[in-house]
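Results of the structural survey
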Amino acid sequence: MPFKEVNPAEELKELNALLDSDPALKQKFDTEQKEFEFRLKLARARKEKDLTQNNIKEVTGLTQQAISRIEKGTNYRSPTLKTLIRYVDALGYELTITQK
């Protein structure tokens, strides 16, 4: 099967048109994007502190697999708030809520 050449700019244009045409889909997409960005921030914060997933495991009591799922979002399950707080505490941070 030959590869299809992809034009990223055109693909993005099509995605944006689809999202603009369906407000419910756009809301779901935006929520997923925020979750993805949050998970990336957690992993970056851990790496910036030169901590491994095993370091976090030792402090929190979470399994290394659970920490990986938090950072990568596998299994399509979000961690509980309690689990997130344990992870963030191990990094020396705290969760806060701010207004947009």
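Look a little higher up for the structure.
Presented here is an overview of the structure given in this document. (Residues numbered from 1 in each chain as written. Predicted model: local features only at pLDDT ≥ 70, side-chain atom pairs only at ≥ 80, totals over all residues. Heavy atoms only, no water.)

All right, on to a nonpolar patch on the surface then. A contiguous nonpolar patch, built from F38, L81, I85 and L95 and spanning about 340 Å² of accessible area, is present on the exposed surface. Here F38 shows up in helix α2 (residues 23-48). (Patch = residues over 30% accessible without salt bridge, like charges linked within 9 Å, V, L, I, M, F, W, Y side chains within 5 Å. Areas by Shrake-Rupley, 256 points an atom, 1.4 Å probe, with all protein chains shown as cover. Salt bridge = Lys/Arg side-chain N within 4 Å of Asp/Glu carboxyl O. Helix = DSSP H or I, 4+ residues; strand = E, 2+ residues; numbered from the N terminus.)

Following both chains from N to C, one finds helix α4 (residues 64-72) and helix α5 (residues 81-91) inclined at 95 degrees, their axes separated by 12 Å at the closest point. Comparing their axes, α5 and α4 come out roughly perpendicular. Contacts between α4 and α5 involve I67, I70 and E71 from the first element and T83, L84 and Y87 from the second. Of the residues assigned to the contact of α4 with α5, the class counts are 4 nonpolar, 1 polar and 1 charged. (Axes fitted to C-alpha atoms, helices over the stretch in contact; angles between N-to-C directions. Parallel < 35°, antiparallel > 145°, perpendicular 65-115°, else oblique. Contact = heavy atoms within 4.5 Å. Nonpolar A, V, L, I, M, F, W, Y, C, P; charged D, E, K, R; others polar.)

What follows covers the packing of helix α3 (residues 53-60) against α5. Here α3 crosses α5 at 110 degrees, and the two axes come no closer than 9 Å. One finds that α3 runs roughly perpendicular with respect to α5. For the pair α3 and α5, the crossing hand works out as right-handed. Where α3 approaches α5, its residues I56, V59 and T60 are matched on the opposing element by R86, Y87, A90 and L91. Among the residues forming the contact of α3 with α5, the class breakdown is 5 nonpolar, 1 polar and 1 charged. (Left-handed = near helix turned anticlockwise from the far one by under 90°.)

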